[in-house]
Amino acid sequence: MAAEGELAATSSLSTTRVFKKASPNGKITTYLGRRDFIDYGSNIDPVDGVVLIDPEYLKDRKVYANILAAFRYGREDLDVLGLTFRKDLFGTTVQVYPPVSENERPLTQLQTRLMKKLGSNAYPFYFEIPQDAPSSVTLQPAPEETGKPCGVDYELKTYVGDTDQEKAHKRNSVRLAIRKLTYAADESAPQPRAEVSKDFVMSSGKLRAEASLDKEKYYHGENISVNLTIDNNSGKKVRKVHISVIQVSDIILFNKASYKCVVAEMESEVKIPQYKRDRMPVMPSQNGFCKVYTLCPTLDNNRDKRGLALDGKLKHEDTNLASSTIVRDNVNREGLGIVIQYRVKVRLILSIGASDVVLELPFTLTHPKPETPPPSRPVSVGGDATLDTNLIQLEEGNDPAFVDDDIIFEDFARLRLKGAETEEADA
């Protein structure tokens, strides 16, 4: 049997796994087709699923579904006197049961099949995430820290109550950790390039340096090539070159603060003889130095760095460095919580007595956008056409046995900090 939350391999190409989680008293159960919801630039995956209820337990009460994006900026053990170190960035609530006519919309294929399989006590819910909603970001905690990590996280909650403002009780509510991730847009961008020319006191001539990247957009795990040329007409010697990839996290809360973390770096070696176009040091009056340096920023080499920004992390699943934040026009940056940027920093270390020469090249680090959306993703449509989400690739035919029997349910995997011994009772 597959471990909790894992998508085990199956020989049936038509089989899909649906994640489920029940309330502690077992009276409501939430079913969701996926945990990652993707921002494609033109549209965002809708959050759709089904809630199975026990009508006899509810009596005259209602069932609500709520989705909330929040920025946690302090540890949970510091929450005292009703004060919490978190800021809500986006949230909305819909009534699932009894159904409300204004919330009715065409069912997705997943909802149709689940409701057929679960029976008449299954009710659908549907959310559209706004374009200016933040992406999931987790700030890497120190090894000894426990509890929920800081960062921007999404939570889907279904609960029983008389009104949507009623506080959810642990015994009859379900909380699910989900993620909003971003794929790269197809738009092209200029190749990053920087140039500097420096004069020196008590020395004639100039030092000219130019650095460039082979492209502006890189995918996670891809090598970054930095092309560096130096013309040294000064009397100073360039002893060595230090190149680093820096992640910049702008924490936008009450005041803006920036946190910088080096995620990859290298330093040139001094080679003898040095009188070649690609060897250090670059001596006075030496022109034509040219070399390409290669770096690859990955999480594997940075797991010990506290505060490093990662794509939202789910229990028992690895992740990667946080993707660059795509800030759209006319978007309030305060609603994003954390804005992630990357840049390559090239530092020329000169002879003693001369200050270093620095060049910076910003770039985008992101996920590749698939050529065609997979079956579990919506297809972009123009105009006012209805956007449907086919979470299951259906084969042609009307065999009821096939339609009913190719859904496999998995317990929903919660967000859990690595090393934590137990889960929270209310999550």
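Residues numbered from 1 in each chain as written. Predicted model: local features only at pLDDT ≥ 70, side-chain atom pairs only at ≥ 80, totals over all residues. Heavy atoms only, no water.

1. Topic: the overall build of the chain
Applicable threshold: Where helices and strands are cited, they refer to DSSP runs of H or I of at least four residues and of E of at least two residues respectively, numbered from the N terminus. Any two residues having at least one pair of non-hydrogen atoms within 4.5 Å are treated as being in contact. To measure how exposed things are, a 1.4 Å probe is used in the Shrake-Rupley method; for residues, cover is taken only from the protein chains shown.
Scanning the chain for helices and strands turns up three helices and 21 strands. Restricting to contacts in the chain with at least 6 residues of sequence separation, those with at least 24 account for 68%. When the accessible surface of the chain is split by element, carbon and sulfur atoms take 48% of a total near 21600 Å².

2. Quick notes on the nonpolar core
Soluble globular proteins tend to pack their nonpolar side chains together in the buried interior. Quick reminder of the rule: Side-chain atoms within 4.5 Å are what join buried Ala, Val, Leu, Ile, Met, Phe, Trp, Tyr and Cys residues into a set we call a nonpolar core. Under the scheme applied here, a residue whose accessible area is under 20% of the maximum for its type counts as buried, over 50% as exposed, and between as partly exposed, the area being computed with a 1.4 Å probe on protein chains only.
Ranked by internal contacts, the top residues of the largest apolar core, which has 49 residues, are Val226, Leu228, Ile230, Val344, Val346, Leu348 and Phe363. Those residues in contact with phenylalanine 363 that sit more than four places away from it in its chain are Leu213, Glu216, Tyr218, Ile224, Val245, Ser324, Tyr342, Arg343 and Val344.

3. Describing the side chain of glutamine 111
Defined as follows: Pairs of N or O atoms within 3.5 Å make up the polar contacts considered here, provided that, within protein, one atom can donate a hydrogen while the other can accept it, and that residues adjacent in sequence are counted only when both atoms are side-chain atoms.
You can see glutamine 111 is positioned in helix α2 (residues 109–118). In terms of polar contacts, glutamine 111 uses its side chain to reach the backbone carbonyl oxygen of glycine 49, at 3.2 Å. The residues contacting glutamine 111, other than those within four sequence positions of it, are Asp48, Gly49, Val50, Pro124 and Phe125.

4. Some remarks on the packing of aromatic side chains
What characterises a pair of aromatic rings is the spacing of the ring centres plus the angle enclosed by the ring planes. Note the threshold: Here the aromatic set is Phe, Tyr and Trp, taking the six-membered ring for Trp, and pairing holds for ring centres within 6.5 Å; pairs whose planes are under 30 degrees apart are stacked, those over 60 apart are edge-to-face, and all others are tilted. Two conditions define a charge sitting above a ring: the NZ of Lys or the CZ of Arg must be within 6 Å of the ring centre, and it must be within 35 degrees of the ring normal.
Within this structure, the stated rule accounts for six aromatic pairs. Ring geometry for phenylalanine 125 and phenylalanine 127: centres 6.2 Å apart, planes at 50°, overall tilted. Comparing phenylalanine 125 with phenylalanine 127 shows no difference in burial state: the two are buried. Ring geometry for tyrosine 218 against phenylalanine 363: centres 5.6 Å apart, planes inclined by 90°, an arrangement best described as edge-to-face. Of the two residues, tyrosine 218 sits in strand β13 (residues 217–219) while phenylalanine 363 sits in strand β20 (residues 357–366), which places them 145 residues apart along the sequence. Residue classification places tyrosine 218 among the buried positions, given a relative accessible area of 0%. Classification of phenylalanine 363 by relative accessible area gives buried; the value is 4%. Through a chain of ring-to-ring contacts, three or more aromatic side chains come together here, namely Tyr218, Tyr342 and Phe363. Above the face of the phenylalanine 19 ring, arginine 35 is positioned so that its terminal group lies 4.3 Å from the ring centre. Across from the ring centre of tyrosine 126, 3.7 Å away, lies the NZ or CZ of arginine 105, which sits over that ring.

5. Here's the deal with the pairing of strand β5 (residues 62–72)
Quick reminder of the rule: Following DSSP output, two strands are said to pair if at least two bridges run between them.
In terms of burial, β5 is largely enclosed, as nine of its 11 residues are buried. As paired elements, β5 and strand β9 (residues 151–161) share 11 bridges and run antiparallel to each other. Bridge pairing in β9 links arginine 72 to glycine 151. Here 10 bridges tie β5 to strand β6 (residues 86–97), and the two strands are oriented antiparallel to one another. By the bridge assignment, alanine 69 is partnered in β6 with phenylalanine 90.

6. Details of α2
Operational definition: What the arc describes is the spread of directions from the helix axis to the C-beta atoms.
Among the residues of α2, those classed as buried are Leu110, Gln111, Arg113 and Leu114. Angularly, the buried residues of α2 cover 170° about the axis, an arc narrow enough to put them on a single face. Residue glycine 119 follows α2 closely and has a positive phi angle near 105°.

7. Description of the pattern of salt bridges
As a reminder, the rule being used: Each salt bridge in this description consists of a side-chain nitrogen of Lys or Arg and a carboxyl oxygen of Asp or Glu lying within 4 Å of one another.
All chains considered together, the criterion is met by 15 salt bridges. Measuring nitrogen to oxygen at the nearest pair gives 3.2 Å for the salt bridge that ties arginine 175 to glutamate 155. On the criterion of sequence distance, the pair formed by arginine 175 in strand β10 (residues 173–182) and glutamate 155 in strand β9 is long-range, its members being 20 residues apart. The pair arginine 175 / glutamate 155 is uniform in exposure class, with both members buried.

8. Observations regarding the environment of glycine 337
Counting through the fold element by element, glycine 337 comes out in the loop between β18 (309–311) and β19 (338–350). Separated by 81 residues in the primary sequence, glycine 337 and lysine 256 place their C-alpha atoms 9.9 Å from one another. Residues within four places of glycine 337 in sequence aside, it is in contact with Phe71, Leu89, Val152, Asp250, Ile251 and Ile252.

9. Describing the environment of glutamate 216
Position of glutamate 216 among the secondary structure elements: in the loop between β12 (203–213) and β13. The exposure class assigned to glutamate 216 is buried, which follows from its relative accessible area of 17%. In the structure, glutamate 216 is positioned 27 residues away from alanine 189 in sequence and 6.2 Å away in space, judged by C-alpha atoms. Residues within four places of glutamate 216 in sequence aside, it is in contact with Ala189, Pro190, Pro192, Phe363 and Thr364.

10. Digging into the sheet that holds strand β14 (residues 224–232)
Stated precisely, the cut-off is as follows: Note on geometry: axes are lines fitted to C-alpha atoms, helical ones only across the stretch in contact, with angles between N-to-C directions running from 0 to 180 degrees.
Spatial ordering of the open sheet is given by β11-β12-β14-β17, a layout of four strands whose pairing is antiparallel. Only two strands of the sheet have a single neighbouring strand rather than two, namely β11 (193–200) and β17 (286–295). Averaged over all neighbouring strand pairs, the angle between strand axes comes to 15°, with direction disregarded.

11. Observations concerning the sheet that holds β20
The strand order across the open sheet formed by five strands is β13-β20-β19-β15-β16, and the pairing between neighbours is mixed. Every interior strand has two partners, whereas the edge strands, β13 and β16 (256–267), have only one. Mean inter-strand twist for the sheet, computed between neighbouring axes without regard to direction, equals 35°.

12. Things to note about unusual backbone geometry
Cis rather than trans, the peptide bond between tyrosine 97 and proline 98 has omega equal to -10°. Tracing the backbone through its elements, the reader meets proline 98 in the loop between β6 and α2. At lysine 59, a position not held by glycine, the phi torsion is positive, near 55°. With respect to the secondary-structure elements, lysine 59 resides in the loop between α1 (55–58) and β5. Since its relative accessible area comes to 67%, lysine 59 is described here as exposed.

Just distances and angles here, no functional claims.
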